[in-house]
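# A closer look at the structure
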Amino acid sequence: GESVGLHLPTLSVQEGDNSIINCAYSNSASDYFIWYKQESGKGPQFIIDIRSNMDKRQGQRVTVLLNKTVKHLSLQIAATQPGDSAVYFCAENGIGDYKLSFGAGTTVTVRA
Amino acid sequence: DTAVSQTPKYLVTQMGNDKSIKCEQNLGHDTMYWYKQDSKKFLKIMFSYNNKELIINETVPNRFSPKSPDKAHLNLHINSLELGDSAVYFCASSQDRGAYGYTFGSGTRLTVV
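Treat the numbers as computed from the prediction; the structure is a model and nothing was measured.

## Description of the overall build of chain A
Of the regular secondary structure elements, chain A holds 0 helices and 11 strands. Along chain A, helices and strands appear, N-terminal first, in the series β-β-β-β-β-β-β-β-β-β-β. Radius of gyration (C-alpha) of chain A: 13 Å, near the 13 Å computed for a compact globule of 112 residues. By its C-alpha atoms, chain A is 45 × 25 × 20 Å across when sized along the principal axes. The buried share of chain A, reckoned over its 112 residues, is 46%. Within chain A, contacts between residues separated by at least 24 positions form 52% of all contacts whose residues are at least 6 apart in sequence. Summed over all atoms, the accessible surface of chain A reaches about 5,200 Å², with 48% contributed by carbon and sulfur.

## Notes on the state of the cysteines
Counting across every chain of the model gives 2 disulfides over all chains. A disulfide bridge connects A:C23 with A:C90, and the sulfur atoms are separated by 1.8 Å. On the sign convention where negative means left-handed, the S-S torsion of about 55° between A:C23 and A:C90 marks this disulfide as right-handed. Here A:C90 lies in strand 9 (residues 86–94) and A:C23 lies in strand 3 (residues 19–25), a separation of 67 residues in the sequence. On the basis of relative accessible area, A:C23 is assigned to the buried category, the value being 0%. Through a disulfide, B:C23 is tied to B:C91; the S-S separation comes to 1.9 Å. Disulfide B:C23-B:C91: the torsion about the S-S bond is -80°, which places it as left-handed. Of this pair, B:C23 sits in strand 3 (residues 19–25) while B:C91 sits in strand 9 (residues 87–94); the two residues are 68 residues apart in sequence, bridging distant segments of the chain.

Cut-off values and rules
- Residues numbered from 1 in each chain as written.
- Chains lettered and ligands numbered in written order.
- Predicted model: local features only at pLDDT ≥ 70, side-chain atom pairs only at ≥ 80, totals over all residues.
- Heavy atoms only, no water.
- Helix = DSSP H or I, 4+ residues; strand = E, 2+ residues; numbered from the N terminus.
- Rg over C-alpha atoms; globule rule 2.2 N^0.38 Å.
- Buried < 20%, exposed > 50% of the residue type's maximum accessible area, 1.4 Å probe, protein only.
- Contact = heavy atoms within 4.5 Å.
- Areas by Shrake-Rupley, 256 points an atom, 1.4 Å probe, with all protein chains shown as cover.
- Disulfide = S-S within 2.5 Å.

The following block contains the structure:
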């Protein structure tokens with residue numbers, strides 16, 4: 001089976017609220033994690049990444065948290081905007097891998 | 001300039017036909033990939049090429065034949081198309097094993113009728 005998965009398939013968020021998207025992975029050898037955003041009709045777009053030697057990384061309105069003890073990854077989006085409506089994927093890359101393994105995706109819908 | 005470009009964007013064809021999808025990247029990356037996204041949005045690796053050499057073939061039927069004429073191009077040829085091949089196919093590229101991220105194209109929606 002796949003090594004990466006998401007806890008919830010859909011998330012509905014009020015505009016202006018914070019969003020949290022969760023992801024679980026099973027491969028202990030994973031050393032690099034990426035969150036992607038996919039809008040309708042487009043390819044996955046890089047949001048933020050984190051390496052296994054870190055537990056938190058911040059970008060513009062986004063924060064990724066990594067808990068290696070429980071193999072859990074989360075993406076926090078601050079002040080969610082309508083343009084944040086999309087499918088979000090977590091993905092992981094193990095040492096030596098020539099591939100990125102994706103989770104199932106969470107569809108985020110922002111309510112006005 | 002588009003970093004990873006795929007053509008065509010849409011492809012509708014009949015069962016049994018042979019078709020090709022082309023991919024080009026102008027990022028100077030040495031590794032390229034094909035991913036398949038099914039109707040449930042699940043993304044799965046099909047192939048990866050590093051410096052024109054096949055690195056990963058993820059149990060893809062041999063009706064699918066990738067070809068990498070140079071590091072900037074990775075094309076996908078599909079023989080004897082089947083209904084189950086209908087999906088969105090994404091090309092991607094990275095430098096080496098992708099330790100600094102992967103860049104995806106905008107996808108080719110293949111519909112087999």
